[in-house]
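# Tertiary structure, described
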Amino acid sequence: FGVGTDDTHYYINRKEDQRLADAWVMVRCAGLTPDRLLPAMHAGDFYATTGVELDDINFNKSARSLSVRVKDAPGVSYRISFITTKRGFDQSVRTVHCPAVKGRGDRTIPVYSGDIGRTVHQMEGVEASYRMAPDDLYVRAKVESSVPSGYRRNFHPDVEVAWTQPCGA
């Protein structure tokens, strides 16, 4: 499953450039208790977000169709993208070396083929759906809002975003 969390290490005496609640998961369940949350999370009934809220996510197994409805906020516009990987995709992986910067050690990051996670359908608005093609391995939705995220670091979205779990696999 895909999750979203902030990586805050300082809650007391935190630094000026640290933000709290950058990303989190929203779980669909009947109550905020472990006996309700954990089964829903184990079933994948949650999505990651940096601020976008969804009213509904529905995957119809027989139709192989994913539908998403956004909780509309006044003055905000939305773009819903459906992302998939096709059967027979290029499985090659290359690596990129990132040197040490500002106390972070050097590291090597895998970069996967552009065949993985391609946008196959996109719509503007608060509601959209996508029916999987026969060669789609899965489908997931990414919802981008027009609200700036406020992030100033690499690999962070410029706007508030939500990502559903992959469906249909």
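The structure this text deals with has already been given above.
Residues numbered from 1 in each chain as written. Predicted model: local features only at pLDDT ≥ 70, side-chain atom pairs only at ≥ 80, totals over all residues. Heavy atoms only, no water.

### Thoughts on the overall build of the protein
Per the secondary structure count, the protein includes 1 helix and 11 strands. Listing each helix as α and each strand as β along the protein from the N terminus yields β-α-β-β-β-β-β-β-β-β-β-β. Looking at the 169 residues of the protein, the share that counts as buried comes to 30%. Across the protein, contacts joining residues at least 24 apart in sequence account for 60% of those joining residues at least 6 apart. Summed over all atoms, the accessible surface of the protein reaches about 11200 Å², with 51% contributed by carbon and sulfur. (Helix = DSSP H or I, 4+ residues; strand = E, 2+ residues; numbered from the N terminus. Buried < 20%, exposed > 50% of the residue type's maximum accessible area, 1.4 Å probe, protein only. Contact = heavy atoms within 4.5 Å. Areas by Shrake-Rupley, 256 points an atom, 1.4 Å probe, with all protein chains shown as cover.)

### As for the side chain of Glu-144
Checked against the element boundaries, Glu-144 lands in strand 10 (residues 140-148). The exposure class of Glu-144 is buried, given its relative accessible area of 17%. Excluding residues that lie within four positions of it along the chain, Glu-144 makes contacts with Ser-77, Tyr-78, Arg-79, Ser-81, Val-159, Glu-160 and Val-161.

### So, the environment of Ile-116
For Ile-116, the location among the structural elements is in the loop between strand 7 (107-112) and strand 8 (118-124). A relative accessible area of 34% places Ile-116 in the partly exposed class. Separated by 31 residues in the primary sequence, Ile-116 and Thr-85 place their C-alpha atoms 5.0 Å from one another. Filtering out sequence-adjacent residues up to four positions away, Ile-116 remains in contact with Thr-85, Phe-89 and Asp-90.

### A look at the packing of aromatic side chains
Each pair of aromatic rings is reported with the distance of its centres and the angle of its planes. Scanning all chains against the criterion turns up 2 aromatic pairs. When the centroid spacing of 5.6 Å and the interplanar angle of 70° are considered together, the rings of Phe-1 and Phe-46 count as edge-to-face. With a gap of 45 residues between them, Phe-1 in the segment before strand 1 (24-27) and Phe-46 in strand 2 (residues 46-49) connect regions that are remote in the sequence. For Phe-46, a relative accessible area of 5% corresponds to the buried category. (Phe/Tyr/Trp six-rings, centres within 6.5 Å; stacked < 30°, edge-to-face > 60°.)

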